[in-house]
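Structural overview for review
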Amino acid sequence: MSVLETIEKRYSVRGYEDKEVEEEKLQKILKAAQLAPTGVNAQAFKVYVIDTKKNADKLKEVYSAEWLIEAPIVLAVVSKANDAWIRPWDSVNINEIDATIVMDHMILEATELGLGTCYIAAFHERPLIDLLKLSEEEHPVLLTPVGYPNAEPRETGRKSLEELVEYI
Ligand SMILES: Cc1cc2nc3c(=O)[nH]c(=O)nc-3n(C[C@H](O)[C@H](O)[C@H](O)COP(=O)(O)O)c2cc1C
C-alpha cells in the first residue's frame, strides 16, 4: 500500500471489535513513533500503551465515549515541553507539533496494518495525568484507541484543493 493509499484508507473509527491487537503489530506502531522526526531531534516525548480492560474506569473519566474502551489499547502521546526545541526569536515551544507528528506516524502505521484509530484531543487532562502518573513537565497531547474497526466512516467532506492551497 502506498502512503497515499494508507492516508485514503484512514478514518476516525468510533467502534471496535472485542479482539486483541497482535504484539507484532503493536511493536510496528511503536517503531513508527520511534522513527518520527522531532525538532532538532529532541525526541521530547513518551508514548504510553494503556490496557483498556485494566484501566477502564479511569479511562471513562478521561474520555466518556464507550467506543474508547471497546478497543484493547489506547495510546497516549505525552510531550516533555522542557526538553523540546524552543524557537529562540519568539520563544515558541514546538513540543505539541512533535507529539502530533508522532501520533500521525503511529496512526498511519496502524491503518496500514488494518487497525482502526481516532485522534482524541477532547480528553480530560487531570484523570489522564493521574492514570499515567505524569510529572509537572509532562503534558498529554493526543490519545487514540487502537483495535479492529467495527464502525463505518462518517460522511466527512474535505474542502477543495483550490480552497486549501495557494500558489504564490
Ligand atoms: C487533532 C485532532 C483531534 C481530534 N479530537 C477528536 C476527539 O476528541 N474526539 C473525536 O471523536 N474525534 C476527534 N478527532 C477526529 C476528527 O473529528 C476527524 O478526524 C475529522 O472529523 C475527519 O474525519 P476522519 O478522521 O474520519 O477523516 C480529532 C482529530 C484531530 C486531527
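Refer to the structure printed above.
These numbers come from a predicted model, not from an experiment. Chains are numbered independently. Their residues run from 1 in the order of the written sequence. The predicted nature of this model means local features are confined to residues of pLDDT at least 70 and side-chain atom pairs, given and counted, to a pLDDT of 80 or more, with totals for whole chains, interfaces and linings taken over all residues.

**Quick look at the pairing of strand 5 (residues 138-146)**
For clarity, the cut-off: Three exposure classes are used. Buried residues have 20 or more other C-beta atoms within 10 Å of their own C-beta, exposed residues have 12 or fewer, and partly exposed residues fall in between, all C-beta atoms being placed from the backbone. Put simply, DSSP H or I for four residues or longer makes a helix, DSSP E for two residues or longer makes a strand, and each gets a number counted from the N terminus. One requirement defines pairing of two strands: DSSP has to find at least two bridges between them.
Across the 9 residues of strand 5, 8 count as buried, placing the element largely inside the fold. Note that strand 2 (residues 73-80) and strand 5 share 8 bridges and pair antiparallel. Looking across to strand 5, one finds that S79 is bridged to H139.

**Description of unusual backbone geometry**
Peptide bonds are mostly trans, and most non-glycine residues show a negative phi. Phi is positive for V40, which is not a glycine, with a value near 50°. Relative to the helices and strands, V40 resides in the loop between helix 2 (23-35) and strand 1 (45-51). The class for V40 is exposed, based on 11 C-beta atoms found within 10 Å. With phi around 60°, S91 is a residue other than glycine that occupies positive phi space.

**Some thoughts on the site of the ligand**
This is how the line gets drawn: Each residue receives a C-beta atom placed from its backbone. It is near a molecule or strand if this atom lies within 6 Å of it. Side-chain classes are defined by residue name, with Ala, Val, Leu, Ile, Met, Phe, Trp, Tyr, Cys and Pro counting as nonpolar, Asp, Glu, Lys and Arg as charged, and the others, Gly among them, as polar.
For the ligand, the full set of nearby residues is Y11, S12, C118, Y119, I120, A121, A122, P153 and T156. For the shell around the ligand, the residue count by class is 7 nonpolar, 2 polar and no charged.

**Brief notes about the nonpolar core**
Soluble globular proteins tend to pack their nonpolar side chains together in the buried interior. To keep it simple, the criterion reads: Linking buried Ala, Val, Leu, Ile, Met, Phe, Trp, Tyr and Cys residues through C-beta atoms within 7 Å yields a set, and such a set is a nonpolar core. Residue pairs are scored as contacts if the distance between their C-beta atoms, which are placed from the backbone, is within 7 Å.
Counting 36 residues, the largest nonpolar core has V74, A76, V77, V102 and M106 as its most contacted members. For this core, the elements supplying multiple residues, two or more each, are helix 2, strand 1, helix 3 (56-62), helix 4 (66-70), strand 2, helix 5 (95-112) and strand 5. The contacts of V102, once residues within four sequence positions are left out, are A33, A36, F45, V47 and V77.

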